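An overview of the molecular structure
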Amino acid sequence: MQTKHYTDQKEDLIAAAALLRAGELVAIPTETVYGLAADARNGAAVASIFTAKGRPSDNPLIVHIADKCELNTLVAEIPAVAEALAEVYWPGPLTMIFNKAEGVPNEVTAGLDTVAVRMPSHPVARRLIELSGCPLAAPSANRSGSPSPTDAHRVAEDMDGRIAAIVDGGACSVGVESTVISVCGDRVRLLRPGAVTVEMLEAVAGAVEIDEAVLKPLRDGATAASPGMKYKHYAPEARVVLVRGDAAAYRDYVNANAAEGVMALCFDGEEQGLAVPYLTYGHRDDAVTQAQQVFEALRLLDERQAAVAYTACPSPEGIGLAVYNRLLRAAGFEVVILD
Ligand code: TXA
Ligand code: MG
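Residues numbered from 1 in each chain as written. Chains lettered and ligands numbered in written order. Predicted model: local features only at pLDDT ≥ 70, side-chain atom pairs only at ≥ 80, totals over all residues. Heavy atoms only, no water.

Thoughts on unusual backbone geometry
Put simply, the rule reads: Strands here are runs of E lasting at least two residues and helices are runs of H or I lasting at least four, both read from the DSSP assignment and numbered beginning at the N terminus.
Between Trp90 and the following residue, Pro91, the backbone shows a cis peptide bond with an omega angle of -5°. Tracing the chain through its elements places Pro91 in the loop between α4 (80-89) and β5 (94-99). Even without being glycine, Gln305 reaches a positive phi, approximately 55°. Following the sequence through the fold, Gln305 ends up in the loop between α10 (287-303) and β15 (308-312). Its identity as a non-glycine residue notwithstanding, Phe333 has a phi of 70°, on the positive side. Following the sequence through the fold, Phe333 ends up in the loop between α11 (320-330) and β16 (335-337).

Right, dumping it as structure tokens:
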């Protein structure tokens, strides 16, 4: 398949929307990461997302909408807390899981009786939803298991020849995937941290429960509240090891383990004295920049053919919790604690 490369100009968006309407797959920019979109009402189109990504079929997708009215066609009921959260954080990087309405294809929900919905803020994503007239089911636009793509060039690396088109909307401003919460129970439950932080959720919804899977591997035999959290994820080819400690402790640990193929993934300004090649992913105190750069840094490790990447451990506060959560998974939960 010859993949078309579109800009974010009007004629291109009209052409991309026509492909979506016709049941084709189109990679689209969002403010978080690029998504691989299909018409969420078309089960066969949605099924082809799983093939293109090599995604396990038991991992459900997020449905993207441009207008709150569209929620009524997708969900069985809208709890008051979801209404309140949508008022404040939609459009934006917040996904909410609802009891699903009849008629949402099983391919979207992987057979669950719940459905995940979000309203992106990226103008190109919104325009494509409006122009196509389709709610768009879209996972991140990477091959299953690899780091999510934050620009169109990275999407092309994974998806060229496998999908109908890629729309280039520039670099993603957030850089990590949306916050995922369940609003089905009596309490809001955080399943995946993102740019809408725990503090931001609690300001609107009161106390938020944090699912165990956010910070721990799934216990043997346990069922994942969010199936995506059970897979080794976001992982480059390199073995990633998180190293927790201050700049000096980190440097000494890396240097003590220096060898052929070892690289450091460190914070900006802490490169000095490292005895191995390094990449950086933002300042230690700047989790917003870390989020923007972390997935690109993981991809660059592979380009540099790192065998092992000792990675400075981010502080799990605010959006830093999302960065930490993704790196924990990239590391397969391997953390060295020096403090
Ligand atoms: O920012 C994002 O959310 C991006 C952009 C493209 O919108 N999308 C994204 O999709 O990250 P994906 O498929 O890579 O991650 C969706 C996550 C998975 O962990 C999946 O298991 C979970 O949401 N999920 C989806 N539907 C669910 C449901 N009904 N119940 C529990 N978890 C669900
Ligand atoms: Mg993903």
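Some points on the sheet that holds strand β3 (residues 35-39)
Note the following rule: A pair of strands is labelled paired if DSSP reports no fewer than 2 bridges between them. Any two residues having at least one pair of non-hydrogen atoms within 4.5 Å are treated as being in contact. Axes here mean lines fitted to C-alpha atoms, for a helix over just the part in contact, with angles spanning 0 to 180 degrees between N-to-C directions.
In space, the 11 strands of this open sheet follow the order β1-β8-β2-β3-β7-β4-β6-β5-β9-β10-β11, with mixed pairing throughout. Two strands close off the open sheet at either side, each with one partner strand: β1 (4-6) and β11 (208-210). Against the sheet, helix α2 (residues 43-53) engages β3 and β7 (136-137), with an angle of about 155° to β3.

Some remarks on the sheet that holds β15
Strand order in the open sheet made by the five strands is β14-β13-β15-β12-β16, with parallel pairing throughout. The sheet terminates laterally at β14 (278-280) and β16, the two strands that pair on one side only. Here the strands of the sheet are splayed against their neighbours by 25° on average, with no regard to which way each runs. Sheet analysis places strand β13 (residues 262-266) next to β14, joined by three bridges and oriented parallel. Bridge assignment links Ala264 to a residue of β14, and that residue is Tyr278.

A word on the pairing of strand β12 (residues 239-244)
Pairing of β12 with β15, which is carried by five bridges, proceeds in the parallel orientation. In the sheet register, Arg239 faces β15, and the bridge partner there is Val308. Here β12 runs beside β16; their pairing, made up of three bridges, is parallel. Bridging across to β16, Arg244 finds its partner in Ile337.

Observations regarding the nonpolar core
Where we set the bar: Each nonpolar core is a collection of buried residues, namely Ala, Val, Leu, Ile, Met, Phe, Trp, Tyr and Cys, held together in the definition by side-chain atoms within 4.5 Å. Partly exposed describes any residue whose relative accessible area lies between the buried limit of under 20% and the exposed limit of over 50%, with all areas from a 1.4 Å probe on protein chains only and scaled to the type maximum.
Leu36, Trp90, Leu94, Met96, Val117 and Ile181 are the most contacted members of the largest nonpolar core, which has 49 residues in total. Here this core gets five residues from one element, more than from any other, and that element is α2. Leu94 has contacts with Leu85, Tyr89, Val117, Arg118, Ser178, Thr179, Ile181, Val196 and Leu201, leaving out every residue within four places of it along the chain. By size, the runner-up hydrophobic cluster in this structure holds 44 residues, among which are Ala195, Leu274, Ala291 and Ala297.

Some remarks on the domain arrangement of the protein
Interface size is commonly expressed as the accessible surface area that is lost when the partners come together. The following threshold applies: Per the annotation, domain bounds derive from an automatic or database assignment of domains. Buried area is calculated as the accessible area (1.4 Å probe) missing from two parts once they are joined, with the contributions of both summed. For salt bridges, the criterion is a side-chain nitrogen of Lys or Arg within 4 Å of an Asp or Glu carboxyl oxygen. Here a polar contact is recorded for every N or O atom pair within 3.5 Å, except that within protein the pair must consist of a potential hydrogen donor and a potential acceptor, and residues adjacent in sequence are included only if both atoms are side-chain atoms.
Here the domain parsing of the protein yields domain 1 (4-214) and domain 2 (239-337). Contact with domain 1, which involves 26 residues of that partner, is made by 16 residues of domain 2. Carbon and sulfur atoms make up 50% of the area that domain 1 and domain 2 hide from each other, which totals about 1600 Å². It is Pro147, Arg154 and Val176 in domain 1 that bury the most area against domain 2; as a group they hold 35% of the surface buried on that side. Seen at the junction of domain 1 and domain 2, the total is five salt bridges. In this assembly, domain 1 and domain 2 are joined by 11 residue pairs in polar contact (both at pLDDT 80 or more). Of all the secondary-structure elements, those providing two or more residues to the side of domain 1 that touches domain 2 are α7 (152-159), β10 (188-192) and α8 (198-205).

What to know about the side chain of Ser182
Its location among the elements puts Ser182 in strand β9 (residues 179-182). Those residues in contact with Ser182 that sit more than four places away from it in its chain are Ile97, Arg187, Val188, Arg189 and Leu191.

Topic: the layout of surface pockets
What counts, and what does not: We place a 1 Å grid over just the protein atoms. Points where a 1.4 Å probe fits but has no way out form a cavity, open points with protein on both sides within 12 Å along at least 5 of 7 lines form a pocket, and any residue with an atom within 4 Å of a point lines it. Grid points are joined across faces, edges and corners, and a volume is the space filled by probe spheres set on the points. Each residue is assigned to one of three groups, with Ala, Val, Leu, Ile, Met, Phe, Trp, Tyr, Cys and Pro labelled nonpolar, Asp, Glu, Lys and Arg labelled charged, and all others, Gly among them, labelled polar.
Empty space within the second largest pocket amounts to approximately 170 Å³. Together, Arg143, Ser146, Pro147, Arg154, Glu157, Asp158, Ala235, Pro236, Glu237, Arg299, Asp302 and Glu303 line the second largest pocket. Counting residues per element, the ones that place at least two in the lining of the second largest pocket are α7 and α10. Among the residues making up the lining of the second largest pocket, the classes are represented as three nonpolar, one polar and eight charged. Built from parts of two domains, the lining of the second largest pocket gets at least three residues from each of domain 1 (4-214) and domain 2 (239-337).

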